[in-house]
Amino acid sequence: MGAHRRGRGLAGVSVREAAPAPAPPQRDRYFDTLRALALIRVVGYHTFNWAWAGLVFPSMGIMFALAGTLMAKSLERPAPKVVRSRLRRLLPPFWFWGVFVVLAMLLHGWMPDWRIVYWIVPLGDPPGNAWGEQAWEILWYLRTYLWFVLLSPLLLRVFRLAPLPVLLLSLAPVLVLNFVWAGPDGRIGTALWDLSTYLCCWLLGFAHRDGVLRRMRPAAVVVLSLAALGFGGWYALAHRAEFGTYDLDENPLAQAFWSAGFVLPLLWAKARFGIGFARLTRFRQTNRIVTVFNARAVTIYLWHEIALLLAVPLIDRFWDVPAFEAYLPLDSQWFLFGVGWLLIGVFVLLCGWVEDVAARKRPRLLP
């Protein structure tokens with residue numbers, strides 16, 4: 001039968017019924033929810049500085065694992081095309097954000113040198129001054145993500161040669177850096193540490209996509225997960241005096257093992273039981289929030305520190321209003337957290353459209 005078929009209207013008139021258009025691909029609400037929670041935890045951590053936040057929910061490890069899964073899926077297409085697509089989606093929002101940060105630092109006495117090229121392609125940490133440090137210090141994630149994207153065609157080939165051995169050995173680089181050789185100084189050394197810390201999480205994303213995790217026995221998953229969590233947690237607490245805290249962000253080795261042990265059962269459960277969080281779509285507001293968080297993930301990540309910075313002087317002005325001083329908890333970190341999210345929402349409305357342009361979509365205030 002052709003693209004159209006004849007049918008009878010309610011009044012008996014012959015009409016053409018268009019064949020139903022193919023449904024757009026449905027997003028995985030399980031992964032989307034994890035990404036949204038990870039972003040909320042990142043903002044919470046930068047607001048409250050909770051050392052235990054990474055133990056409860058290691059956001060960065062989860063985000064790298066989800067990105068690894070999507071990258072393995074994308075590499076079913078030609079690698080150069082995939083890499084170009086990833087760069088196109090990442091760099092324009094980064095450039096747009098960077099224009100404001102660089103101009104602000106220039107106005108506050110910063111004088112760039114040749115390393116300003118890292119503000120064009122962040123293969124190394126972009127330079128800056130102390131005044132803007134809170135804004136640009138988060139760029140380590142974009143730099144690490146970019147390197148993983150560039151290395152993924154090779155990493156995926158190596159992973160598929162021997163998935164489980166490669167997965168287990170992916171924790172070896174951070175062990176070597178921690179106990180044998182600390183790596184070179186400067187940007188190269190920093191990049192090596194971050195890549196080594198989250199390499200296992202990225203490869204766990206590969207393992208999920210390739211069905212490796214689905215074939216693992218529950219007992220093996222439990223043993224490996226508890227072993228990684230146990231070692232990571234022990235190392236964080238045992239070296240608390242050395243690092244001044246048990247915060248995983250200050251301890252790469254503990255971060256690597258704890259994140260791997262946390263991510264493994266999350267992805268295994270998804271692969272084994274097909275968890276989709278489909279019921280989330282029944283709750284309109286919650287589903288909408290998750291949608292916005294995922295469509296504006298880069299915007300939220302880039303602008304959240306600036307939002308928190310601006311929230312402080314804004315709240316200071318509230319003290320000049322007697323009603324605000326009397327009835328609002330202006331000295332509470334939770335109030336700062338709330339105002340910060342309001343400002344993040346403003347940045348999403350003002351700047352989020354850049355992500356649409358980068359993805360070659362029609363720009364919208366909200367997706």
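Rules of the game
- Residues numbered from 1 in each chain as written.
- Predicted model: local features only at pLDDT ≥ 70, side-chain atom pairs only at ≥ 80, totals over all residues.
- Heavy atoms only, no water.
- Helix = DSSP H or I, 4+ residues; strand = E, 2+ residues; numbered from the N terminus.
- Rg over C-alpha atoms; globule rule 2.2 N^0.38 Å.
- Buried < 20%, exposed > 50% of the residue type's maximum accessible area, 1.4 Å probe, protein only.
- Lys, Arg positive; Asp, Glu negative; His and termini not counted.
- Charge placed at Lys NZ, Arg CZ, Asp CG, Glu CD.
- Salt bridge = Lys/Arg side-chain N within 4 Å of Asp/Glu carboxyl O.
- Contact = heavy atoms within 4.5 Å.
- Patch = residues over 30% accessible without salt bridge, like charges linked within 9 Å, V, L, I, M, F, W, Y side chains within 5 Å.
- Areas by Shrake-Rupley, 256 points an atom, 1.4 Å probe, with all protein chains shown as cover.
- Axes fitted to C-alpha atoms, helices over the stretch in contact; angles between N-to-C directions.
- Parallel < 35°, antiparallel > 145°, perpendicular 65-115°, else oblique.
- Left-handed = near helix turned anticlockwise from the far one by under 90°.
- Nonpolar A, V, L, I, M, F, W, Y, C, P; charged D, E, K, R; others polar.
- Disulfide = S-S within 2.5 Å.
- Phe/Tyr/Trp six-rings, centres within 6.5 Å; stacked < 30°, edge-to-face > 60°.
- Lys NZ or Arg CZ within 6 Å of the ring centre and 35° of its normal.
- pLDDT = per-residue confidence, 0-100.
- Expected span 1.5 Å × (residues − 1).
- Bend = angle between axes of the 7 residues up to and from the residue.

Trainee: Please clarify how the overall build of the protein should be interpreted in this entry.
Mentor: Of regular secondary structure, the protein possesses 17 helices and two strands. Taking 2.2 N^0.38 as the reference for a compact globule, 367 residues should give roughly 21 Å; the C-alpha atoms of the protein span a radius of gyration of 23 Å, in line with that estimate. The burial tally for the protein puts 48% of its 367 residues in the buried class. Seen as two clouds, the 37 positive and the 22 negative side-chain charges of the protein have centres 20 Å apart.

Trainee: When you look at the pattern of salt bridges in this model, what are you seeing that I'm missing?
Mentor: Side-chain pairs of opposite charge can arise where the charged atoms are in close proximity. Under the definition given, this model contains 10 salt bridges. Between Asp-32 and Arg-29 there is a salt bridge whose closest N-O contact spans 2.7 Å. Placement of the pair is Asp-32 and Arg-29 together in helix H1 (residues 29-48), with a separation of three residues, close to one helical turn. Taken as a pair, Asp-32 and Arg-29 share a single burial class, namely buried. One salt bridge in this structure joins Arg-143 and Asp-194, with 2.7 Å as the shortest N-O distance. Linking Arg-143 in helix H6 (residues 140-161) with Asp-194 in helix H9 (residues 186-209), this pair joins segments that are 51 residues apart in sequence. In this structure, a network of salt bridges that share partners links the residues Arg-29, Asp-32 and Arg-35.

Trainee: How do you make sense of the side chain of Asn-287 when you look at a structure like this?
Mentor: Structurally, the position occupied by Asn-287 is in helix H13 (residues 284-295). Of the residues examined, Asn-287 reaches a relative accessible area of 16% and is grouped as buried. Beyond its immediate sequence surroundings of up to four residues, Asn-287 is in contact with Arg-29, Leu-280 and Thr-281.

Trainee: Even after reading the chapter, I still don't get a nonpolar patch on the surface, so can you show me in this structure?
Mentor: On the surface, a nonpolar cluster with roughly 700 Å² of combined accessible area is contributed by Trp-95, Trp-114, Ile-116, Val-117, Ile-120, Val-121, Leu-123 and Leu-150. Looking at the element boundaries, Val-121 is found in the loop between helix H4 (79-107) and helix H5 (133-136).

Trainee: It is not clear to me how the side chain of Thr-33 should be interpreted in this structure. Could you clarify?
Mentor: With respect to the secondary-structure elements, Thr-33 resides in helix H1. Not counting chain neighbours up to four residues away, the residues in contact with Thr-33 comprise Phe-277, Leu-280 and Val-290.

Trainee: Just to check I follow, could you spell out the packing of helix H8 (residues 172-179) against H9 for this structure?
Mentor: Relative orientation and spacing of two packed helices are given, respectively, by the angle between their axes and the distance between those axes. Relative orientation of the contacting elements H8 and H9 amounts to 135°, with a least axis distance of 7 Å. On the basis of the axis angle, H8 is oblique to H9. By crossing handedness, the relation of H8 to H9 is classed as left-handed. Listed contacts from H9 to Pro-173, Val-174, Leu-177 and Asn-178 of H8 are Leu-192, Trp-193, Ser-196, Thr-197 and Leu-199. Here the contact of H8 with H9 is composed, by residue class, of six nonpolar, three polar and no charged.

Trainee: Is there a simple way to explain the state of the cysteines in this structure?
Mentor: The term disulfide refers to a covalent linkage connecting the sulfur atoms of a pair of cysteines. What the rule picks out here adds up to zero disulfides. With no disulfide of its own, Cys-200 lies closest to Cys-201 among cysteine sulfurs, the gap being 6.0 Å. With relative accessibility at 5%, the residue Cys-200 sits in the buried group.

Trainee: For this particular structure, what's the right way to read a positive patch on the surface?
Mentor: A cluster of basic side chains, namely Arg-77, Lys-81, Arg-84, Arg-89, Arg-288, Lys-361, Arg-362 and Arg-364, defines a positive patch on the protein surface. In terms of residues, the positive patch owes the most to one element, H4, which gives three residues. Within the secondary structure layout, Arg-364 lies in the segment after helix H17 (353-358). In this structure Arg-364 comes out as partly exposed when scored by relative accessible area, which is 35%.

Trainee: Could you clarify how one ought to interpret the packing of aromatic side chains in this entry?
Mentor: Two numbers describe a pair of aromatic rings. These are the distance of the centres and the angle of the planes. Going through the model one piece at a time under the given rule, you end up with 39 aromatic pairs. Their ring planes at 55° and their centres at 5.2 Å tell us that Tyr-141 and Tyr-301 sit as a pair that is tilted. Taken as a pair, Tyr-141 in helix H6 and Tyr-301 in helix H14 (residues 297-318) lie far apart in primary sequence, 160 residues in all. Judged by relative accessible area, which is 10%, Tyr-141 ranks as buried. The class of Tyr-301 is buried, set by a relative accessible area of 5%. The rings of Phe-64, Trp-140, Tyr-141, Tyr-145, Phe-148, Tyr-198, Trp-202 and Tyr-301 are connected pair by pair, giving a single aromatic cluster. The lysine or arginine in question, Lys-270, covers the ring of Phe-31, its NZ or CZ lying 5.7 Å from the ring centre.

Trainee: Sorry if this is basic, but what is going on with the environment of Leu-203 here?
Mentor: With respect to the helices and strands, the residue Leu-203 is situated in helix H9. Here the alpha-carbon distance between Leu-203 and Arg-143, two residues 60 residues apart in the chain, equals 18 Å. Setting aside residues no more than four positions away along its own chain, Leu-203 makes contact with Phe-159, Val-166, Leu-167 and Ser-170.

Trainee: Help me understand the confidence of the model for the protein, please; the structure alone is not making it clear to me.
Mentor: Predicted coordinates in areas of low pLDDT are best not read in detail. Per-residue confidence for the protein gives a mean pLDDT of 92; residues scoring 70 or more make up 93%. The low-confidence segment residues 1-24, where pLDDT is below 50, has 18 contacts with residues more than four positions distant or belonging to other chains.

Trainee: Just to check I follow, could you spell out H6 for this structure?
Mentor: Residues lying three or four places apart along an α-helix face the same way, a consequence of the helix completing one turn every 3.6 residues. With 22 residues, H6 extends 30 Å from end C-alpha to end C-alpha; this agrees with the ideal 32 Å at 1.5 Å per step. Taken as a whole, H6 carries its principal kink of about 55° at Ser-152; the proline Pro-153 stands between one and four residues after it. For H6, the full list of buried residues reads Tyr-141, Leu-142, Arg-143, Thr-144, Tyr-145, Leu-146, Phe-148, Val-149, Ser-152, Leu-156 and Phe-159. Turning to H6, the residues buried within the fold contact helix H3 (59-74), H4, helix H7 (163-169), H9 and H14.

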